[in-house]
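Spelled out from the first residue to the last, the chains are:
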Amino acid sequence: MIEFNNSWDELLKDEFQKEYYQKLRKTLINEYKNYEIFPDMYLIFDALKKVSYEDVKVVIIGQDPYHGVGQAHGHSFSVLPGVVIPPSLRNIYKEIVDDVGGYIPNNGYLMKWVNQGVMLLNTTLTVRRGQANSHKDIGWQILTDKIIEILGNRKEPIVFILWGSHAISKKKFINQKIHYVIQSPHPSPLSAYRGFFGSKPFSRTNEFLISHNLEPIDWQIENI
């Protein structure tokens, strides 16, 4: 039984009874038994455990977890302390410095954002070691689309940051009369120069939050 110990327990309880999730669960048991899977099974739902439904201010949607050893810990784009900063996150940091100032930190641990109500949600929550997108077709999309839809229908405003075509495809679940959608190419080195750099998502997010009497996000990750 999955326990979030917050409002997600009630909001998602019906999903976990559905046939697709039962099938997904069986697949995961088999995968964790036979392959090296990331993140650790106890961290799969950490993005939901750390930010309850009512506390979400910003959602940054990623694709699937990092597939290198020791990187993924249940939050999109974030890596554990001591792990080399991945190229996409390095580009995110560059845009933060250009957009709102500060410095590029020596780590990629984004829990400071999470603690301020930034949900870092991948649309696929697990991956095999060294095999990007290896779990994209096992059922995660149904659950995470539901999570995005629940947030996208919330009456209190949220900023949704969608980077890349995969994340942008989730826009259909978001009520844009209430929420603010910021979209651009992905921060990956393959696409960042096609419009991610210069898109100013961090200042735009804070302007929206302030205009709705919400505390802006302090985007500066400190050195460890």
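Residues numbered from 1 in each chain as written. Predicted model: local features only at pLDDT ≥ 70, side-chain atom pairs only at ≥ 80, totals over all residues. Heavy atoms only, no water.

Visitor: Just to check I follow, could you spell out the layout of surface pockets for this structure?
Guide: Size it by volume and the largest pocket reaches roughly 520 Å³. Here the lining of the largest pocket takes six residues from helix H2 (residues 19–34), the largest share from any one element. Across the lining of the largest pocket, the residue classes tally to 13 nonpolar, two polar and three charged. As a volume, the second largest pocket reaches approximately 420 Å³. Taken together, 24 residues line the second largest pocket, and the ones lying closest to its centre are Asp 64, Pro 65, Tyr 66, Ser 88 and His 186. Of the residues that constitute the lining of the second largest pocket, the class distribution is eight nonpolar, 15 polar and one charged. (1 Å grid on protein atoms, 1.4 Å probe; cavity = no way out; pocket = protein on both sides within 12 Å on 5 of 7 lines; lining within 4 Å. Points joined across faces, edges and corners; volume = space filled by probe spheres on them. Helix = DSSP H or I, 4+ residues; strand = E, 2+ residues; numbered from the N terminus. Nonpolar A, V, L, I, M, F, W, Y, C, P; charged D, E, K, R; others polar.)

Visitor: Whenever I open this one, helix H6 (residues 140–152) confuses me. Can you help?
Guide: Note that an α-helix has 3.6 residues per turn; residues three or four places apart therefore point the same way. Its 13 residues give H6 an end-to-end C-alpha distance of 18 Å, which sits within 8% of 18 Å, the value for a rise of 1.5 Å per residue. With 10 of its 13 residues buried, H6 lies for the most part within the structure. Three or more residues of H6 are buried, namely Trp 140, Gln 141, Leu 143, Thr 144, Asp 145, Ile 147, Ile 148, Ile 150, Leu 151 and Gly 152. (Expected span 1.5 Å × (residues − 1). Buried < 20%, exposed > 50% of the residue type's maximum accessible area, 1.4 Å probe, protein only.)

Visitor: Before we go on, may I ask you to explain the pairing of strand S3 (residues 118–122) in this structure?
Guide: The buried fraction of S3 amounts to five of the five residues, a majority that puts the element mostly inside the structure. In S3, alternate side chains face the same way, and those of Val 118, Leu 120 and Asn 122 on one face and Met 119 and Leu 121 on the other are all buried.

Visitor: Can you help me understand the packing of aromatic side chains in this one?
Guide: Each aromatic ring pair is described using two quantities: the centre-to-centre distance and the angle formed by the ring planes. Considering all chains together, one arrives at 15 aromatic pairs under this definition. Seen in terms of ring centroids, Tyr 180 and Phe 208 are 5.1 Å apart; in terms of plane orientation they differ by 25 degrees. Their pairing is stacked. In this pair, Tyr 180 sits in strand S6 (residues 180–184) while Phe 208 sits in helix H8 (residues 201–211), placing the two residues 28 residues apart along the sequence. Taking relative accessible area as the criterion, Phe 208 reaches 13% and is therefore assigned buried. Here a set of aromatic residues connected by ring pairs shows up, and it is made of Phe 77, Trp 113, Trp 163, Tyr 193, Phe 196, Phe 197, Phe 202 and Trp 219. One residue, Arg 154, lies across the ring of Tyr 53, its end atom 5.8 Å from the ring centre. (Phe/Tyr/Trp six-rings, centres within 6.5 Å; stacked < 30°, edge-to-face > 60°. Lys NZ or Arg CZ within 6 Å of the ring centre and 35° of its normal.)

Visitor: Even after reading the chapter, I still don't get a nonpolar patch on the surface, so can you show me in this structure?
Guide: Judged by side-chain polarity, Leu 80, Tyr 109 and Ile 224 come together as a nonpolar surface patch covering roughly 270 Å² of accessible area. With respect to the helices and strands, the residue Ile 224 is situated in the segment after H8. Taking relative accessible area as the criterion, Ile 224 reaches 66% and is therefore assigned exposed. (Patch = residues over 30% accessible without salt bridge, like charges linked within 9 Å, V, L, I, M, F, W, Y side chains within 5 Å. Areas by Shrake-Rupley, 256 points an atom, 1.4 Å probe, with all protein chains shown as cover. Salt bridge = Lys/Arg side-chain N within 4 Å of Asp/Glu carboxyl O.)

Visitor: Could you clarify how one ought to interpret the packing of H2 against H6 in this entry?
Guide: Each pair of packed helices can be summarised by the angle the axes make with each other and by the distance between the axes. Where H2 contacts H6, the two axes come as close as 9 Å, and the packing angle between them is 125 degrees. Classified by the angle their axes make, H2 and H6 are oblique. Contacts from Tyr 20, Tyr 21, Leu 24 and Leu 28 in H2 reach Trp 140, Ile 142 and Leu 143 in H6. A class-by-class count of the residues in the contact of H2 with H6 yields seven nonpolar, no polar and no charged. (Axes fitted to C-alpha atoms, helices over the stretch in contact; angles between N-to-C directions. Parallel < 35°, antiparallel > 145°, perpendicular 65-115°, else oblique. Contact = heavy atoms within 4.5 Å.)

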